[in-house]
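As a plain string of letters, each chain reads:
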Amino acid sequence: MIEMSRDAFEDLVSQALDSIPAELTAHMRNVVIVVEDVAPEPGLLGLYQGVPLTERGDWYAGVLPDHISIYRDQILRICATPEDVVEEVRITVVHEIAHHFGIDDARLHELGY
């Protein structure tokens, strides 16, 4: 397991977010992204909880923000090098944000995420 401070890990998440094109982030609405140390189940690297943009309709108002969790310990556990951590954080952040845009796991896996 790679050792990395929470601050350093959060910086990697910020860098991954900064790498997403502004044309996409401009459409992200009512979503919060957090780093959590422990995943609710083994092997889970990230989790999107909310209503994807593709499913929001006229009824969508006054709801709590969508919640994206990035699980620090799980990512550090599966990585062999600091470079692996950078790449896995990027992949996980993109994967979970894609769920916010309505892209399902099957399609994400086809795309390598």
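The model shown is predicted, which means the values in this text are computed figures rather than measured ones. (Residues numbered from 1 in each chain as written. Predicted model: local features only at pLDDT ≥ 70, side-chain atom pairs only at ≥ 80, totals over all residues. Heavy atoms only, no water.)

Peer 1: Before we move on, could you go through the overall build of the chain and cite the residues and values that matter?
Peer 2: Within the chain, the secondary structure is distributed over five helices and three strands. Counting from the amino terminus, the chain carries its helices and strands in the arrangement α-α-β-β-β-α-α-α. Scaling as 2.2 N^0.38, a compact globule of 113 residues should have a C-alpha radius of gyration of about 13 Å, and the chain matches this with 14 Å. When the backbone C-alpha atoms are referred to their principal axes, the chain occupies close to 45 × 25 × 25 Å. Within the chain, the proportion of its 113 residues that are buried is 36%. (Helix = DSSP H or I, 4+ residues; strand = E, 2+ residues; numbered from the N terminus. Rg over C-alpha atoms; globule rule 2.2 N^0.38 Å. Buried < 20%, exposed > 50% of the residue type's maximum accessible area, 1.4 Å probe, protein only.)

Peer 1: So what about the sheet that holds strand β1 (residues 31-36)? Which residues, and what values?
Peer 2: Two modes of strand pairing occur in sheets, parallel and antiparallel, and in both the strands are linked by backbone hydrogen bonds. Reading across the sheet, the three strands line up as β1-β3-β2 and stay open at both edges, with mixed pairing between neighbours. At either end of the open sheet lies a strand with only one pairing partner, and these are β1 and β2 (46-49). Taking each pair of neighbouring strands and ignoring which way they run, the sheet shows an average axis angle of 15 degrees. Summarising the sheet, β1 and strand β3 (residues 66-71) pair through six bridges and their orientation is parallel. Across the sheet, residue Ile33 finds its bridge partner in β3, namely Ile68. Along the sheet, helix α1 (residues 6-18) makes contact with β1 and β3, crossing β1 at roughly 150 degrees. (Pairing = 2+ DSSP bridges. Axes fitted to C-alpha atoms, helices over the stretch in contact; angles between N-to-C directions. Contact = heavy atoms within 4.5 Å.)

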